[in-house]
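Listed below, chain by chain, are the residues.
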Amino acid sequence: MSSAPSDCPFDVTRRKSFSQLLGLRSRKQKRRCSSDLVPREAVVRLMKHHQNLGDLLLEVTGSGSKSDGVDSINHNAGTPARGSFIASVFREQALLKDVPPGFLTARTAVEKIQQIEQLGLTPRHAVMLDADQRSKLVCLLQSLRELMSTGMLSRLQFREEIWKAKEVPMLEVVWHLQKENIVSLEELVTSNPDVTFVVRWLFDNLRLLCSETEDHYQHQDVQRQILSDIVAELMENGFKESNNLESDLKAQQFSQVCFEVLNRMLSWLLDNLCKENETEGTSVERATQFWLNVFDMAWFHGTLSPDMFKQFFYHTLTQILTFNPVLEASDAIRMQGEWCFAKTKILLTTLYRKIFVLFSAEELIVHLRQILETHEVNWQNVLSCASTLLVCQPPTQQLLKELLANLLTNSFENYELESIITAFLLVRQAAVEGPAVFISYSEWFKKSFGSANGYHGGSKKALIFLLKFLTDLVPFETVQYLKVHILHPPYVPSKYRALLLEYVSLAKTRLADLQVSVEDMGLYEDLSTAHDAPKPQCQALQDVEKAVQIFETTGKIPASVMEASIFRRPYYLARFLPALLAPRALPVSLDSHMAFIDSLKRADKIPDTMYVSYIHACNQEKQRQLEGVSTFEAMEHCREPIEVLSVALEELRKVAIDPSKTDVVSAQIAVISGQLKTMIDDEDNCTAMDKPIQLDTVVDSLGPLEMKVRDLLLKSFCQTFLVVASFNPPQRQGEWASLFVKMLCGHRRLLSAALLRVLHLTSRQASSLSDVHVLGLAGFTLHLHILRIFLSVESLQSAGKEEVSFVSHLNQSLVCRTGESSTFCLRFCTAAVAYAVCLSSSCCSSALDVQQFVPPVFMQKLQYVIPRLIPKCRRDHDVVVKPIWNNLVGLNLNWTAAALSLFKHRTFKKLAEMKHFQLTFYDWLMFELDVQPHGDLLSDVDCQEYQHWACYQHHLPSPLATGGCGGDLLTACRTIINSLMDFSKRAKVQNFEEFSCTRHPSFNRSSYENIICRLQEMVFDLESVRAKAPREDGHFLLDVFRDRWAKLELPTLSKQIEQQIELQLFTRILVALPPCVLFKTRIDGLKTTLECEEFFHFTNAELRNGYCKEFVLPFHIASHFFRGLLNASVHCDEPSSAVDGILSNSKVRCPLLMLSATYWWARLEPVLCTQWKRSSDTPFPRELQKMVDSQLWANRLLVGKLESGPPCSPWVLGAFLYFTLQRGNSLKMLQTAMREICAENKEFQVSVLYLTLMHLVSSLLQPKETSDLTVALKACTDMIMILEEQNQPWLDIFMVVNKDYKPHQILFSMISDVERKLLPITFYSLMIVLDPKLLSSVIKHSDFLFVAITLHSAMIKLFLDGENIIPVSDQHDLQSSNQLEPLELITKGRRFLLRVIPSCSGQIIAQHNKLQAVCKDIDLELKASLDHQLQLCAGDGLYSEPILL
């Protein structure tokens, strides 16, 4: 038999199985003659004595199971013949060994299992196999199944041999045996009478299985299946009903084992949970997390019923709540504050929540009560479970109240201590979770025991039972619960008051031991939490305020005050009454405060002497006010200055509530101003209010007192603003806020400090500002706007300072870059504008008058941010007139509703129509570009939807007069382009500033790409429309750029830099648009043609001078042009002809494009070929094919194949040759190629010389290294040598500096003006390094001297004009590149001319006048040398004239 190599570990191609060696014996006997019987039998006997039965079991035929062993074995893989054969072998071996065949088979199988387990690197105590072991086990299990089918393997004997083995099989092996129906877990367990051993074995293996999560990631599926199958078996049998097991002892044994194993695993789990903090991140925690998966029903794929899970979960919950109950109730009372949901261990709360899934809140409460009544519990687990239940299942809250009521009722009916302890622990635990989960403990205690209807009110015995219970709790109580019992004591009839006083005395003693003063406890102190109590003075004032409010509502003296007058008399007399009887000017009519005092006086709760002193002090206070002196002024000598100021600000808060008391408010503000003058020495307090404030002079000079005063002033303003706003809307609040800000303007130093603080809060701490801060700071800012407060700040456009309003300066920090900043901007601007609109309604009759109140920048921000964050307002265009301030006051301030109400308000709508309040399309774009996508509140889809609404539905159809586009796509596109360029320039400036401040730059974190997408969509729509309409002159994209250039009014150098930036930004936008936008289609009759004159002009005028690098355009521009050409050609009748026409025209009209294409052709060709094949079935256009052929020709030259060039323009062919040799670092081949191929083509040779000169110019402009300059000089020298050898004129190539010189204009139209200016430098850099022999040949040219002097004059003129004729980045570059300094090069050039002039006598005589004209006023020494040489020539001519005759 053979076996698949992938299924068994043996290579059957090299080792034959037993059946293969023997064959089918019946067939062999027929085929062999009788003479072969003896040798065959001998072989058979020999092999029988050496047969390895274990290896025989691993030989499998056919296709086995998967290598991971998870799926069942392919039971059809074996054959009946094979099973019979293996059985026959085992029978024969059993006969030889004289043992039963079943026994031999079982023992062999167990031994083979143990051998498999010992293979590989599996640890000794592992419970899982590796891949190799698993594949061998699969083969073995298939053989065992076949033996079982033939009756050769007995389950009973196999189980016995398993238990007899030295090592019990791994858990995975047991799982495979059950999965393949060889031996089930139940059969294996019940076959061992030692139940304790079996339980320990299963428990250890399950624990080890959970612990292997770290080392067996590749086998996690197997691991999960093993755990789920084994646990399902345990749960199914461990929780069977006992009446189904009475008749089956083995089933009872197995159920007992399963139940005990699950119990042990639960104990192990709970042990680990108790040690979670100590073992976090360790293998124990990971094992615990893995076991928690058994509480997920999804793990078992429906193999167990929900009822089975409920039984298991009930049992688990019981085990958790009763696990290790070492803590007593007294410990729980003291420690339960640490057992809240937030502080409970995460794994334990996870377990609770998994268990809670199957039960309703009512079921869980019932089960919890049963456990509490019938078991001794672990209070920590019980209370943490209750917290988790309350937090995760809100319906539990009402059920818990019912449970508490039942417990207390049962407790006081039966005087059962356990029930009341349980109730108190549960209610305190619930209260710890906060008011969102359960009522406070003080409130519950008052409801339960604060009246005669309480649980303890039925009898004296019930009262004594409660007080004894509370008394027993005192040694273990924490402070806050003792305070509750003292301040809100249980109801006690007067005849039993002594019992309560006894408890109160004990509680006070306990508080004294805890160093807590009972006398300082407030009447209405918040006792729900354990936070530190407020100061006694503050608490007394709060108690008075609360008591007056209750009296005003009910008309009765609050019970808490009456109780304090009896039971807390020291606090009542020393704290409460002095705060209540603080001297003041008594009102004419009786107010609630005075009515409350009178009621207390009638009830004899105020001592007569104290009341008389109060009346006398009030009369004195009234007299002082009449005399212009206030109480705090009389006492200020005994207070700290900051305390005096604080009292004065509090007094302002009280009087500002009544808007009719303008005189009182003014007097109080004057008092505050006077106190500020005594505290802060402000030398600048007499400065006019309209003088700009310089914030930078105050930043580092503020002292501690000044900062305290600043913070106190702002805090007081915000608090007073909120208090006053809660009573009256802005239009009826009086002038306190305006007077306050004006007063502060009189203290310039403090004003500067306050403004700095406001700027800091809004820019650095915006997200942490509460609603009180936002409302107060918005009101403060608005009054600064009304007063027109200006700042003197550094100007970004100039080196000096500029004056800006404080609101405009603050607006710079109100950015909308992230969701957080947008939300704050919405809150702040909504508060400011709503306050301004309401404030103006009292004194403005029209919207024109409102303008002075509302800051335009805030209006624009709101018009941007409200539709962005509130989609509802994009659809709803209603106009409302209802009050808007109501949405900004109250405890639950809804900013969305407030912003929406303001946005719909009629006044807001009218203001938005005014010119300087409008949010134009340009303004919207600048705001939107500033958004950082990674921090945006809107998702990508929502952002795209919003931008589409803003562009197409709002700004595009809006009239031009309102800042829209008037429905014109062209106007919209122009606006987007302008905004993109302006934003990029602004971002570059911000980027520089952020770098200088050592902060991360924000550039490239904006919505630039999103707005580019909107521009692309609009351009596409525009092109679709314009394709059907006649084309006008010009190009709208390029016109935008030219218009911007024309508006630049800067000095020459600044203008050049600005133009360079504009060009880069515009080009970045241009290449992001569809490339076919560069072309126009013209329809002449029935023929459609392409035009590109505008882009040609743009390239020749702007790109040539501002965007070329190494004298060619960048790849993305060249590629954009050619891709656009192929795209646009599709609309023509003959695309190939259209492409050829444009390219032929570009060779003459815009050769820079063709030159750039030759430079980038290696990258450009595959792009164009692919695009052409995609759009057309016709051959490649002729002009493009010429370029392909030229590149192939240049490539062949590079490898040494010299041949004539293809038909193409000479300069294009020369460009391909030069760029190819340059890329291959093979310019040394230039001489050979020029001599042998192009000797007769002058234009070609001059073109190559031009390219070498441009290479040299590029090396001079951007020096990289010495070798590059050397290579460029060598290439130029080689070309000059070739031209000299062939006697070709070439000097005129330098005469492009002369505007009247026309040859080679096509070549020189490719280079920038800067490169043209460098031609004189290039010429003299070449001349001074030429070989003398070559130089002598060059000098003989008839125009050499004229060209040399002309270039020398041009070089001197550049130097005299102050231009850097050899631009290098710094002196280091100049030295490292071995370039000559400008003056040194001019000097060497003059010396060169003076040296060669004597050799050019003929040229001097023939061109003397031209040479003199060139030298005039430029180089007098050179002019004198020419004159001198002319005289010598004239003298020689006279002397030799007779000889000539």
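A quick note: this is a predicted structure, and the numbers were derived from the prediction, not measured. Within each chain, residues carry numbers counting from 1 in the order of the written sequence. Only residues with pLDDT of at least 70 get local features here, since the model is predicted, and only at 80 or more are side-chain atom pairs given and counted; chain-wide, interface and lining totals rely on the full set of residues. No hydrogens and no water enter the side-chain calculation; it runs on all heavy atoms of the structure.

Caption draft 1: Region of interest: the overall build of the protein. Only runs of H or I of at least four residues qualify as helices and only runs of E of at least two qualify as strands under DSSP, and these elements are numbered from the N terminus. The secondary structure content of the protein amounts to 70 helices and 4 strands. The cut-offs for exposure are 20% and 50% of the maximum accessible area for each residue type, with area from a 1.4 Å probe on protein chains only; residues under the lower value are buried, those over the upper are exposed, and the others partly exposed. Counting all 1445 residues of the protein, 51% fall into the buried class. Residue contacts follow a heavy-atom distance rule, with two residues in contact if any of their heavy atoms lie within 4.5 Å. Sequence separation of at least 24 residues holds for 75% of the intrachain contacts in the protein that already meet a minimum separation of 6. Accessible surface for the protein amounts to roughly 67,700 Å². Of this, 53% is attributable to carbon and sulfur atoms. Each accessible area is a Shrake-Rupley result for a 1.4 Å probe, and residues are judged covered by the shown protein chains and nothing else.

Caption draft 2: Up close: the pairing of strand 4 (residues 1087-1091). Burial of strand 4 is one-sided: the residues T1088 and L1090 facing one way are buried, the residues K1087, T1089 and E1091 facing the other way are not. Of the pairings in the sheet, the one linking strand 3 (residues 1080-1084) to strand 4 comprises 5 bridges and is antiparallel in character. Residue K1080 lies in a different strand from strand 4, and its bridge partner there is E1091. Only strands joined by at least two bridges in the DSSP assignment are considered to pair.

Caption draft 3: The pattern of salt bridges, seen in detail. Any carboxyl oxygen of Asp or Glu that lies within 4 Å of a side-chain nitrogen of Lys or Arg is treated as forming a salt bridge with it. Evaluated as defined, the whole model comprises 39 salt bridges. A salt bridge links E260 to R264; its shortest N-O distance comes to 3.8 Å. Taken together, the residues span about one helical turn, with E260 and R264 both in helix 13 (residues 249-274) at a distance of 4 residues. The exposure class assigned to E260 is partly exposed, which follows from its relative accessible area of 33%. Residue K1274 is joined to D1278 by a salt bridge in which the shortest nitrogen-to-oxygen separation is 2.9 Å. With a gap of 4 residues between them, K1274 and D1278 both fall in helix 60 (residues 1266-1285), about one helical turn apart. With relative accessibility at 48%, the residue K1274 sits in the partly exposed group. D1278 gets classed as buried once you look at its relative accessible area, which sits at 3%. Ionic contacts of the salt-bridge type, sharing partners, join the residues D982, K985, R1044, E1058 and E1062 into one network.

Caption draft 4: Representation of the state of the cysteines. Cysteine sulfur atoms that pair up within 2.5 Å are treated as a disulfide. Going through the model one piece at a time under the given rule, you end up with 0 disulfides. Here C965 is not cross-linked by a disulfide; its sulfur's nearest cysteine counterpart is in C951, at 8.4 Å. You can call C965 buried: its relative accessible area is 2%.

Caption draft 5: Geometry of unusual backbone geometry. Positive phi is not limited to glycine here, since N181 has a value of about 60°. Mapped onto the elements, N181 comes out in the loop between helix 9 (171-179) and helix 10 (185-190). Despite not being glycine, D604 shows a phi value in the positive range, around 55°. If you trace the backbone, D604 turns up in the loop between helix 29 (592-602) and helix 30 (608-626). A residue is classified by how much of its surface remains accessible, and D604, at 66% relative accessible area, is exposed.

Caption draft 6: Fine view of the environment of E820. Relative to the helices and strands, E820 resides in helix 39 (residues 819-840). Sequence-wise, E820 and G935 are 115 residues apart; in three dimensions their C-alpha atoms are separated by 8.0 Å.

Caption draft 7: Structural view of the packing of aromatic side chains. Centres within 6.5 Å make a pair out of two Phe, Tyr or Trp rings, where for Trp the six-membered ring is used; the pair is then stacked when the planes are under 30 degrees apart, edge-to-face when over 60, and tilted otherwise. This model, assessed by the stated rule, comprises 61 aromatic pairs. Considering the side-chain rings of F445 and F449, the 5.2 Å spacing of their centres and the 55° angle between planes classify their relative orientation as tilted. Within this pair, F445 and its partner F449 are both found in helix 22 (residues 441-449), separated by 4 residues, close to a single helical turn. Residue F445 is classed as buried on the basis of its relative accessible area, which comes to 0%. We classify F449 as buried; its relative accessible area is 0%. On the basis of an interplanar angle of 85° and a centroid distance of 4.9 Å, the ring pair of Y1159 and W1160 is categorised as edge-to-face. Taken as a pair, Y1159 and W1160 share a single burial class, namely buried. Positioned above the aromatic ring of F438, the side-chain terminus of K401 is 5.8 Å from the ring centre. Comment: the charge-over-ring label is applied if NZ (Lys) or CZ (Arg) is within 6 Å of the ring centre and within 35 degrees of the ring normal. Positioned above the aromatic ring of Y481 is the side chain of R428, whose terminal nitrogen or guanidinium carbon lies 4.0 Å from the ring centre.

Caption draft 8: A look at a nonpolar patch on the surface. Side chains of F1359, L1360 and L1383 sit close together on the surface and give an oily, nonpolar patch of about 300 Å² of accessible area. Along the chain, L1383 falls in helix 67 (residues 1382-1396). The patches described consist of residues with a relative accessible area above 30% and no salt bridge, like charges being joined within 9 Å and nonpolar side chains (Val, Leu, Ile, Met, Phe, Trp, Tyr) within 5 Å.

Caption draft 9: Geometry of helix 35 (residues 736-745). The buried fraction of helix 35 is high, at 7 of 10 residues. Every buried residue belonging to helix 35 is among W736, A737, F740, V741, M743, L744 and C745, and all of these are buried.

Caption draft 10: Focus on helix 57 (residues 1210-1223). The span you would expect from a helix comes to 1.5 Å times its residue count less one. If you check helix 57, its first and last C-alpha atoms are 20 Å apart, about what 14 residues at 1.5 Å a residue would give, namely 20 Å. Most of helix 57 sits inside the fold, with 11 of its 14 residues counted as buried.

Caption draft 11: Summary view of the side chain of N205. Along the polypeptide, N205 turns up in helix 11 (residues 195-211). Contacts described as polar in this section are N or O atom pairs within 3.5 Å, which, within protein, must combine one atom able to donate a hydrogen with one able to accept it, while residues neighboring in sequence count only if both atoms come from side chains. Here W201 takes part through its backbone oxygen, which lies 2.7 Å from a polar atom of the side chain of N205. When neighbours within four sequence positions are excluded, N205 is seen to be in contact with V127, M170 and L171.

Caption draft 12: Representation of the side chain of T396 within the structure. Of note, T396 is situated in helix 20 (residues 396-414). Of note is the side chain of T396, whose polar atom sits 3.5 Å from the backbone oxygen of L389. Not counting the four nearest positions on each side in its chain, T396 is found in contact with A361, I365, L389 and L390.

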